[in-house]
Structures are given as C-alpha cells and as structure tokens.
Amino acid sequence: MKKYFIISFILTFSINALSQQSISIEKTDCFLDDCDQFKNYPNIEFGYLNLPEDYENHTGRWIKVAFTLVKSTMDNPEPDPILVFGGGWGQPELNRTLWQSNMIPAKNRDIILFDYRGSGYSRPKLCPDLGEKHLEIIKQDLDFDAFNEKINQQFYACFDELQKRGIDYRLYGTETKTKDALKLIEQLGYTTVNLFGASNGTMGIQGFIQAAEGSKVEIRSIYSDSNMPMRDFQQGDLSVLYKEVIEKILDDCAKNRDCNAAYPNLKERFRNFLIETMSKPLTYNGESEIVFNTYLINSVIHQLLYNSTLHKDIPLLLEAFIANELDFLDGIYPVLEEILLESNGTAIINFTYDWKARQAEVSKEYEETKKSIPEYMWTDFWLDFYTKDSTITFNPRDTIPVTSDVPALVVAGTYDPFTAPEYSRIMNERYSNSYYFEFPKVGHSVFVTPCGQKMLKEFLKQPEAEPNSECLENLASTPIPFTTSIYANSKVSSLIKKVAIDRNLLWIVILFVPFLLALIYIFREVIRAIRKKTYSALRTVLFLSVIIFLVGLGYYMLATVNLGGLTLFFGLVDEAWWLPWFSLVIIILGILQLYRMIKESKYTFWNVGAIVSTVLVLITALGHGIHLF
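Values in this document were obtained by computation on a predicted structure and should not be read as measured data. (Residues numbered from 1 in each chain as written. Predicted model: local features only at pLDDT ≥ 70, side-chain atom pairs only at ≥ 80, totals over all residues. Heavy atoms only, no water.)

## A closer look at the overall build of the chain
1) Next: Across its full length, the chain holds 23 helices and 13 strands.
2) Next: C-alpha atoms of the chain, sized along the principal axes, occupy 115 × 60 × 50 Å.
3) Next: Relative to its full complement of 629 residues, the chain shows a buried share of 55%.
4) Next: Across the chain, contacts joining residues at least 24 apart in sequence account for 79% of those joining residues at least 6 apart.
5) Next: The distance from the centre of the 60 positive side-chain charges to the centre of the 75 negative ones in the chain is 7 Å. (Helix = DSSP H or I, 4+ residues; strand = E, 2+ residues; numbered from the N terminus. Buried < 20%, exposed > 50% of the residue type's maximum accessible area, 1.4 Å probe, protein only. Contact = heavy atoms within 4.5 Å. Lys, Arg positive; Asp, Glu negative; His and termini not counted. Charge placed at Lys NZ, Arg CZ, Asp CG, Glu CD.)

Laid out in structure tokens, this is it:
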C-alpha cells in the first residue's frame, strides 16, 4: 500500500510541475506603433519575456515584458550586450529603440531595451490613460494647490483601479522590474552584460546589481548618468534646483556682451514676471485655450532645461513669455504633450513606493520651498502626492545603499535641473572602481553630448582604463552661444514640419510647382536670349524673384535647423530679414503681370504659369507670416 501511495504522490507532483508555466522568451514580429521605421533594420528583433507577476507565486497571474534586441552588424561582435534601463518614472523605452541604438557608441555589441512591467508595450498596462487625464487637468484654470489636489485624486483612482483588477502595486517597483531584467538576460542566453542607465535608469542599475547577486550573470561595466542613489535621492526642493540652473544660465547671459544687450537685466525681469503671473496668468490660444499659470510656465521651461543644446535659446524663450508672445508654443507644446501622454500607473509607483522612506524629509523641504520661492514652483505631477499620501508603503530593500567594485563611469551635468551633481558624487563613492566626471554647463543625461559620447565609447571599449577627459576643458572654456538676433517669425517652423516631417503632399506641391515652372522658364529665356529672340522682361523678373525667394527660404530654414536649439520655433537666422520685403516685390510683380495679361488678352501657358506661381508663393508666404503687414 505504501508503495502505491509513493507512486501516486510522485505522479501528482510531476503533473503539477508540468502544468506550471515556465519563464520564457517569445519572439514576435514588430509590435510598435510605427513599424515602418524598422524596414531597413533586419538586425532588430522584437519579443516578450513571459514571467510570473509574483516570483513567489508561479501559479498566479503571468505577465509579458516587451523588449527589443538590436543585434550588432559587425562580423565578430563582443559577447556581452548593453542592457539599457529607461529613465523617467516608468515611461516607455521601446519607441526610442532606433534613437538609443544610434546614440550608444558601441556598434560591436548587441543592445537590449525593455519596457518596465506595467508600462509601454508590456502587458498588462497600468492605468495607461493617466497622461490623458493629466492633460484634462492642465487645460483647466487652477491654482497650484487645486491642480495638485485633482492630480492626486487621479492617482488614488488609479490605485483603486489596480486593486479592482487584483494588481498589487508592490510587484511593479524597482526590485521586481530589475529581476525581470536579469531574467531577460538569462533567457536571451547572455552570461555577461554591460549596464547603461540615466536618471531613474540608474536606480534600475542598482536594482540589477542586487538582483544579480548569486546568479551566473556577470556585470562587465556600469555607465551611470545623472544619478539617483538608493536611500538618498528624492528631494522636496526641486524648484530650488530649477531656480539655481535658470540663474546660472542668465548669469552667463549677463556676462556675454551681446546677450546682455539683447536681454538686459533678464534675471530680475523674469522673476518679476513670474510674481506677476501668480495673479495674472497668460492665455495660450492653440488648438484649445490653455491658461498658463506660473507653475505651468515653470514646468515648460524646466523640461527644456534638460537638454543643454537648448540653453542658448533660454533667454529668447523667457523674453517671449515676458512679452506674452506665445506663438512659439505651437511647435513646443505638442512635443511636451506627447511626453506627458506617456505617463501611466508605473510612474507614481516608481516615484512613491520606491522612495517613500524619505517622505518626512522630503515633505519638510517641499513645504519650505513653497513658502520661500512660490514664484519658482513647477509641477512634476508626483511630488505633491508623494508628500501627502499615507496609504502607500515603501520597499525596505530600496533603503539599502548599493555598492559595487565593477568598473563604472559615473557622470553628471553641472546645469542639470533634476538630479544635482551631489547625488552622482554619492553614487561615485559607492562604486569603488569608478571614474567620476562633472560636465560643465551640461544638463540632464550627459551621454547625448559629443564629449559624453567620446568618453562613453572609450569606457565601453576598455572599462578598466580612465577615459580621456580633455573635452571637459573645452566645455568649461566655451561660452554658451546665445541667440541674440533673429528674423522673428514663429510660424515658419510649421512649414518645415509640414514638408520635412509630415511629408504633406499638398505643401510639397505648393513649393515645388512654382520653383519648377520658374526654373524651366528661366532656362528657356536664357536660350532665347542666346538666340537673340525677344522675351518678356516683366515675366522673367517675376519668375526670377520666385526662384530667389524659394531658394532663400529653403536656405535659411536649413541654416536655422543646423543651429539647433529652439531658434526655429521663434523664427529664422537674422540674415533672412529680407524675405518679407521680397514677398512684397513678388506681390507687386504679380499684379503687374496679371494686369498686362488681362489687358493684352494673352492667356498663354507661361502667362498663366507666372500668375499661378505667384499665387502659390504668396500662399506660402502669407500663410506663414513672411510679410510686412
């Protein structure tokens, strides 16, 4: 009898074991919203990591973590890939696959990106409509406290939704998502890995170091940019840091003769402007009317401070706000809106659950900041909830400082408006085999700068050797090339968007037809002149003016784009000043040509073509503000 009992027990155990799912990789076709961009990249693979929501309960809910694998196209790639931990508070990463693969200077290594569990293309999604709900609040005219109260209500509604779905938010924090990363590396068959992270991605790196302890996966190198050290990050005085960075840039402007002349006493005037908007907000009439309160103005500026290539246009931006000339937002606001729409439930979990242990200190800093510099307050959407919430617990593991002796490159920007260099210094102390550098006058995520790219490339090639840092001296000695003079026209940027980005066929035709007609006609008239045949001087001058205008417009748009920064949202390079005058010349010549054609009743192909070309050019000019009236 005992014998049969043992056999029955073994069979039952075996059946239960076989019925349980196992962690696995599921390779798929592209599942991103825009798969056309990958047509010429057969080396990029897509897939899901199937794994349990709760690692302690394999019989419960199973989830999918979406990833992309950018395979090296080199003949003999290195065996250790680069694992990218996304920044932001749980924002999706896979939509940035091509950008990241181009920005990370390591063509001889595979690159792995993944969307944290609960976000992006991973399944299930946690409160994916949170960003849309935030936008609805932004469009209401609310003071700072009322705005935060409504945002906080949305967060509690999100947690209620998760509870109804049987989702435990504690299973979507850094500890669990970094275990996912370890399983992803193992399932893909790698035994050694290089870790790459900026901003909140550095928190992911620390979590991976903890998760990998005792595993067979070895860490070859760590690149840690704009750091958030476990236990010590999370600050309630973010607006103080924002104010400091703004004032550093404006002090640089004041020391620059041309910038100071173009924007005199800007630091004081901007502060006075912010104080005034606390009682008299601005109104932006875009696709929908939005009241720009002080905190919303600061939020826009703060987001733009991340990228140091935009710092040259910060005085221009502030001056436009002060003058209440908000047309530039037509180009900037939709981009910021897209960033906000990426917000989801993992954002508030990462922000609150991962860092809740510092709530008392952060709350004190936050209240003191609101009292001391109310005019510089900006909303990051999560901080107010973090300081007031009494329901969310914290993960004790995230209060333990992470240390490592793996070769590490730790970097920070001195003009970073979100993660001050002091936090990167803490991280440097915890990585015993690290190289630490501060990048002068650089914002958030220094790896995007040419100097950052150079040093990262050297480090990835040979982590044990300190990278050459001579380029930092150039950064320190090179002044910010402030934009001090432009042809002001904020509508021109929409033309570039229509033609170069949207590939709008109608506008391509509107620009191409008059140029082609004018080019053919001028060539025809040159041949006629060589043969000493008569030609129409008026029509020739009109077509020649069309060519000059369109070529000039194209040249100055390209020149402005090459300058980078925000300049294009405000106008074109100063040399384009003559374009409005030339549009007036074309109007006069067009009227004269129309008058002559009607008077002489000569409705020839070229007469009509000249009028059509004039009309199309004027549609372009008048529709995009290139005129004198």
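More follows now that the structure is in view.
## Some words on a nonpolar patch on the surface
1) Next: Where nonpolar side chains cluster on the molecular surface, the patch consists of Trp577, Trp581, Leu584, Ile588, Leu592, Leu622, Leu628 and Phe629 and spans about 840 Å² of accessible area.
2) Next: Here the nonpolar patch gets four residues from one element, more than from any other, and that element is helix 22 (residues 579–600).
3) Next: Residue position: Leu584 is located in helix 22. (Patch = residues over 30% accessible without salt bridge, like charges linked within 9 Å, V, L, I, M, F, W, Y side chains within 5 Å. Areas by Shrake-Rupley, 256 points an atom, 1.4 Å probe, with all protein chains shown as cover. Salt bridge = Lys/Arg side-chain N within 4 Å of Asp/Glu carboxyl O.)

## Overview of the state of the cysteines
1) Next: One pass over the structure, following the stated rule, counts four disulfides.
2) Next: The disulfide partner of Cys127 is Cys158, and the S-S distance across this bridge is 2.1 Å. Sign of the S-S torsion, about 100° for the bond between Cys127 and Cys158, identifies this disulfide as right-handed. In this pair, Cys127 sits in the loop between strand 5 (111–114) and helix 3 (130–138) while Cys158 sits in helix 4 (residues 144–164), placing the two residues 31 residues apart along the sequence. (Disulfide = S-S within 2.5 Å.)

## Brief notes about the side chain of Ser299
1) Next: As for its placement among the helices and strands, Ser299 is situated in helix 10 (residues 294–305).
2) Next: Overall, the relative accessible area of 15% leaves Ser299 in the buried class.
3) Next: For Ser299, the side chain forms a polar contact with the main-chain oxygen of Tyr295, separated by 2.6 Å.
4) Next: Every residue in contact with Ser299, bar those within four places of it in the chain, is listed here: Trp378 and Thr379. (Polar contact = N/O pair within 3.5 Å; in protein donor to acceptor, adjacent residues only side chain to side chain.)

## Overview of helix 23 (residues 605–623)
1) Next: Between the first and last C-alpha of helix 23 there are 26 Å, a value that for 19 residues agrees with the 27 Å anticipated at 1.5 Å per step.
2) Next: For helix 23, the full list of buried residues reads Trp606, Asn607, Gly609, Ala610, Ile611, Ser613, Thr614, Leu616, Val617, Leu618, Thr620 and Ala621.
3) Next: Its buried side turned inward, helix 23 meets helix 19 (492–501), helix 20 (505–530), helix 21 (537–563) and helix 22.
4) Next: A positive backbone phi angle near 75° is found at Gly625, which sits one or two residues after helix 23. (Expected span 1.5 Å × (residues − 1).)

## Quick look at the confidence of the model for the chain
1) Next: On average, residues of the chain score 93 in pLDDT, and 97% of them reach the 70 mark or higher.
2) Next: Note on residues 9–19: pLDDT is under 50 here. Beyond four places in sequence and across chains, it has zero contacts. (pLDDT = per-residue confidence, 0-100.)

## Some thoughts on the sheet that holds strand 2 (residues 44–52)
1) Next: Taken in spatial order, the nine strands line up as 1-2-3-5-4-6-7-10-11 in an open sheet, and their pairing is mixed. Looking at which strands have only one partner, the edges of the open sheet turn out to be strand 1 (24–28) and strand 11 (434–439). Geometrically, the sheet is characterised by an average inter-axis angle of 25° between neighbouring strands, direction not taken into account.
2) Next: In this structure, strand 10 (residues 408–413) lies alongside strand 11, joined through six bridges in parallel fashion. Paired with Val411 across the two strands is Phe437, which belongs to strand 11.
3) Next: Along the sheet, helix 16 (residues 421–430) makes contact with strand 7 (218–225), strand 10 and strand 11, crossing strand 11 at roughly 170°. (Pairing = 2+ DSSP bridges. Axes fitted to C-alpha atoms, helices over the stretch in contact; angles between N-to-C directions.)

## Re the packing of aromatic side chains
1) Next: All chains considered together, the criterion is met by 42 aromatic pairs.
2) Next: Seen from their ring centres, Phe233 and Trp355 are 5.5 Å apart, and the 70° between their planes marks the pair as edge-to-face. Placement of the pair is Phe233 in the loop between strand 7 and helix 7 (238–255) and Trp355 in the loop between helix 13 (345–352) and helix 14 (359–372), with a sequence separation of 122 residues. Here Phe233 matches Trp355 in class, with each residue buried.
3) Next: The interplanar angle of 25° and the centroid separation of 4.9 Å between the aromatic rings of Phe328 and Phe570 together place this pair among those described as stacked. Within this pair, whereas Phe328 is found in the loop between helix 11 (314–322) and helix 12 (329–341), its partner Phe570 is found in the loop between helix 21 and strand 13 (571–573), the two being separated by 242 residues in sequence. (Phe/Tyr/Trp six-rings, centres within 6.5 Å; stacked < 30°, edge-to-face > 60°.)

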